[in-house]
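So you can see what is in the structure, the chains are spelled out below.
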Amino acid sequence: MKKQQRFIMRTVILAVIALALGYTLFQTVFSDKEEPVAAGDMAPNFVLKDLDGNEVELEDFKGKGVFLNFWGTYCPPCEKEMPAIQRQYEKYKDQGVVVLAVDIAETELTVKKFAEEKNLTFPIVLDQQREVVDTYGVGNLPATYLISPEGEVLDKITGELNDTRVRDYMEQIKP
Amino acid sequence: MDKIKCECGHLNPYGTILCESCGKPIQEEADHQLLNMRYEGTARRSQTYNTNFVDKTWNFFSSVKVGVWLIVITLIASAIGTIFPQQMYIPQNVNPAAHYENEYGVLGEIYYLLGFHNLYSSWWFVLLLGLIGVSITVASIDRGIPLYRSLKNQRVTKHENFLKRQRMFGTTKRPEDEEQFIEEAIFRLKEKRYKVRREGNNILAEKGRFSRWGPYVNHVGLIIFLLGAMLRIVPGMYIDEDMWVREGETKAVKGTDREYYLKHEQFVLETYDPKEERYSDALNRVGGTVVKNYQSDVVLYKADKKLPGAKPELTEVKEYPIQVNRPLQFDGFSVYQVDYRQEMSEMSFQLQNKETEDAIGEFTVDLQNPKNEYDLGDGNKVILRNYYPDFYFDKERNQPATRTNVPNNPAFIFNMITPETPDGEIAFIGIRQNLDPSGENQYKIAFNGVDTEFITGLTVNRDYTLPIIFVGGIIFMIGVVQGLYWNHRRIWLKLNEEEVWVAAHTNKNWHGIKREVDDVTSKLQLNPAIDQQEKKKER
């Protein structure tokens, strides 16, 4: 009887500690604090002004696949992937795919000149207060979130993209 | 695994070394040896049962050796973690994997791969701390409970073998009047503030038993401390965020989920006045200026929550000057002044005739929000063709570019339009650079001045784990004090047919107990108790 009690006691104590330790490990290692928005989450809604001063809300695009791209003119790989995104956007915009490019904390003038120079036609919004960047926990640039027509984040991709990859991603979010 | 019955009738658990009740040595060793009084000779259970997986795990962690090794490994890992900088101290805009490899070679690569670059978040470091926690808990339970039982069960009457083999032991011829002797003995022991119990012709005097709980109390403190540290990772328990706010800017307070906003009205940087007599000597000695005050005058607002990016409706909560160590406090948050930097905010230029250097007009560019066009009147205007806040020349693409979005090194491409040059002339203006790409310009833009502004560096902190860690720390200290400043002393007196026996034991500070025993024996006219360990050394 006593032996059994001791066994139960020991098992309980070890199990409690193991659980606490497991939770700690899980929190520190697997759920990266830097990434509040990950694949499988619903994409947090936001509203930002575009280059013409109009408000653009993410939910406006509900029903469309959203190719949400975070970038800056100071980021060479962002600059390099822009033409590819523009080319694929032209092919997919009639198939319910929209590109929403969020520029991070730059002046309107810089971004406008850049868009003109590269002939970008998709909506570009300015996150001057970095609120959206912080909400999404964007780290390295460029960062692209693939958002399904239902508003779910299907994937987060960091790094420069080429035509093939952009096309594959747009296929993925096409309604 | 049966219990062992001692002569005195007490049932001891298997593995017991000294009977819990009378102290008779159960596992006989050579008769003359001194007894090992560690843990009162109780059966450390871990060492006796070793049957299934749970027991084996338990016994592993019960070992002090294992615990010490875990601590040593953790210490070595922490030391290695200081060899190269931690990730938070390397530049934010680089890929850490590449950075460590480039800066420190193969060692840096290994450092990164093993997670030393982010030591406190690497899984094996957290695991080590957790295992230390397991070790502390298990080892304490395994030793503390038997020790408590044993001290609670101890009898006044001890077996002769127990007394004889104590470190302090002495014998004297039995006195005439035993009742008077015992009463005097009790009086003398009580005088020394012992708690005295009597059982026939046996006396047990004891004091400071609670000092034995010291190590267990401090382990409880440590476990609470570890628990508090662990709670930091629970979302919302611990917030520690940095934010930069320029003068005049209103920004969401990080970590508050845009519930609070903060406007930075102005930054105050005061230095000690070298002309003031009482400072001048010291300031001369140091050479240069010494800052007296860093201060951000801010207004705190509460916001009705809107979507990220939307302009919130703000209600003022309070105005507050944040100074070093005088944080703005609200709702559990503290906002500290930690840093500042100065940035260019505006640049002024003059449009001039290139030959005569006659000024045609002046304009100022706001570096945070430049305009497209600056009208100078009389048909003169300057169009800002492009703006590079942190200019560098990208050789790869053979064009000007910007390194960051911060105006560290602003450069501009202007188009100058005058009635004489309606098609415009291009000028490139940067710091210490003034290029005329065509070489045929009639006009030029001259640098006319720069304005700077302060950007304050604030840290937002909220730590709900602090009280827990604090309580853990206090309990730890209580345990340490309890174990260090008190000793558990026991003196046994036994009258047998012919002699009076005195034996004494303490868990530390033998010098102290010797003085007490000597004092008591001399007052009772007994032979002094002899330190058998020292006697052995002499031999």
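Details of the overall build of chain B
Scanning chain B from terminus to terminus reveals 11 helices and 24 strands. Whereas a compact globule of 539 residues would reach a radius of gyration of roughly 24 Å, chain B reaches 40 Å, over 25% beyond that. Expressed as a percentage of the 539 residues in chain B, the buried residues total 29%.

Re the sheet that holds strand E7 (residues 250-252) of chain B
All names here are of chain B. Taken together, the 4 strands give an open sheet; going across it, the order is E7-E8-E9-E10, and neighbouring strands pair in antiparallel fashion. Both edges of this open sheet fall to E7 and strand E10 (313-323), since each of them pairs with a single strand only. Ignoring which end each strand starts from, the neighbouring axes of this sheet average 30 degrees apart. Summarising the sheet, strand E8 (residues 260-271) and strand E9 (residues 291-304) pair through 11 bridges and their orientation is antiparallel. Note on E9: the bridge partner recorded for Leu269 is Tyr294.

Some details on the pairing of strand E6 (residues 143-147) of chain A
All names here are of chain A. E6 sits mainly inside the fold: 5 of its 5 residues count as buried. Side chains Ala143, Tyr145 and Ile147 of E6 all project onto a buried face; the interleaved residues Thr144 and Leu146 project onto the opposite face, where all are buried too. By the bridge criterion, 5 bridges tie strand E3 (residues 65-71) to E6 in an arrangement that is antiparallel. Its bridge partner lying in E6, Leu68 is registered against Tyr145. As defined by bridge partners, E6 adjoins strand E7 (residues 153-158) across 5 bridges and the pair is classed as antiparallel. Across the sheet, residue Thr144 finds its bridge partner in E7, namely Ile157. The antiparallel pairing of E6 with E7 creates a hairpin that spans 5 residues between the two strands, and Gly151 there sits at a positive phi of about 95 degrees.

Some words on the nonpolar core
Judged by nonpolar contacts, the single largest core of 41 residues is most densely connected at A:Phe67, A:Phe70, A:Val102, A:Ile147 and A:Ile173. Of all the secondary-structure elements, those providing two or more residues to this core are E3, helix H2 (76-92), strand E4 (97-104), helix H3 (108-118), strand E5 (124-127), helix H4 (131-136), E6 and helix H5 (163-173) of chain A. When residues in this core are grouped by element, the largest group, 6 residues, is from E4(A). For A:Ile147, the contacting residues outside a window of four places in its chain are A:Ala43, A:Gly65, A:Val66, A:Leu68, A:Glu152, A:Val153 and A:Ile173. Core analysis: the second largest hydrophobic core is formed by 28 residues, B:Phe169, B:Leu204, B:Trp492 and B:Trp501 among them.

Brief notes about the domain arrangement of chain B
With domains assigned, chain B is organised as domain 1 (44-151), domain 2 (159-208 + 487-538), domain 3 (238-342 + 457-473) and domain 4 (345-451). The C-alpha centroid of domain 2 of chain B is placed 47 Å from the C-alpha centroid of domain 1 of chain B.

Brief notes about H3(A)
Buried within H3(A) we find A:Thr110, A:Val111 and A:Phe114. Seen along its axis, H3(A) keeps its buried residues to an arc of 95 degrees; they face one direction. Check the buried side of H3(A) and you find it contacts E4 and E5 of chain A together with strand E15 (380-388) of chain B. Downstream of H3(A) by one or two residues, A:Asn119 has phi in the positive range, about 55 degrees.

Some details on the packing of helix H2 (residues 64-80) of chain B against helix H4 (residues 123-153) of chain B
Residue and element names in this part refer to chain B. As a packed pair, H2 and H4 sit with axes 9 Å apart at the nearest point and diverge in direction by 155 degrees. Here H2 is positioned roughly antiparallel relative to H4, judged by the angle of their axes. The handedness of the crossing between H2 and H4 comes out as left-handed. Along its contact with H2, which presents Val64, Val66, Gly67, Leu70, Ile71, Ile73, Thr74 and Ala77, the element H4 presents Phe125, Leu128, Leu129, Leu131, Ile132, Ser135, Ile136 and Ala139. Counted by class, the contact of H2 with H4 contains 13 nonpolar, 3 polar and no charged residues.

Thoughts on unusual backbone geometry
Note: most peptide bonds trans; most residues except glycine with negative phi. The step from A:Leu141 to A:Pro142 runs through a cis peptide bond, and the omega angle for that step is -10 degrees. Mapped onto the elements, A:Pro142 comes out in the loop between H4 and E6. With a phi angle near 55 degrees, B:Asn398 is a residue other than glycine that sits in the positive phi range. By secondary structure assignment, the location of B:Asn398 is in the loop between strand E16 (391-394) and strand E17 (399-402). Accessibility expressed as a C-beta count within 10 Å gives 7 for B:Asn398, which makes it exposed.

Section: the packing of helix H7 (residues 214-231) of chain B against helix H9 (residues 466-485) of chain B
To describe two helices that pack against each other, one gives the angle between their axes and the distance between the axes. Residues and elements named next belong to chain B. Packing of H7 against H9 leaves a shortest axis separation of 7 Å and a crossing angle of 165 degrees. Taken together, the axes of H7 and H9 are roughly antiparallel relative to one another. Handedness of the crossing formed by H7 with H9: left-handed. A breakdown of the residues in the contact of H7 with H9 according to their chemical character gives 16 nonpolar, 9 polar and no charged.

Some points on the environment of B:Ile145
By the element assignment, B:Ile145 lies in helix H4. Note: C-alpha distance between B:Ile145 and B:Tyr216 (71 residues apart in sequence) is 9.9 Å.

Observations regarding the pairing of E4(A)
Residues and elements named next belong to chain A. Extensive coverage of E4 is indicated by the burial of 7 of its 8 residues. For E3 and E4, the ladder comprises 7 bridges, and the chain directions are parallel. If you follow Asn69 over to E4, its bridge partner there is Ala101. As defined by bridge partners, E4 adjoins E5 across 4 bridges and the pair is classed as parallel. Of the residues in E5, the one forming a bridge with Val102 is Val125. At this point the chain moves from E4, through H3, to the parallel E5, and the crossover so formed is right-handed.

About the cut-offs
Residues numbered from 1 in each chain as written. Chains lettered and ligands numbered in written order. Predicted model: local features only at pLDDT ≥ 70, side-chain atom pairs only at ≥ 80, totals over all residues. Helix = DSSP H or I, 4+ residues; strand = E, 2+ residues; numbered from the N terminus. Rg over C-alpha atoms; globule rule 2.2 N^0.38 Å. Buried ≥ 20, exposed ≤ 12 C-beta atoms within 10 Å, placed from the backbone. Pairing = 2+ DSSP bridges. Axes fitted to C-alpha atoms, helices over the stretch in contact; angles between N-to-C directions. Core = buried A, V, L, I, M, F, W, Y, C linked by C-beta atoms within 7 Å. Contact = placed C-beta atoms within 7 Å. Domains from an automatic or database assignment. Arc of directions from axis to C-beta. Parallel < 35°, antiparallel > 145°, perpendicular 65-115°, else oblique. Left-handed = near helix turned anticlockwise from the far one by under 90°. Nonpolar A, V, L, I, M, F, W, Y, C, P; charged D, E, K, R; others polar. Right-handed = clockwise from strand over helix to strand, strands pointing away.

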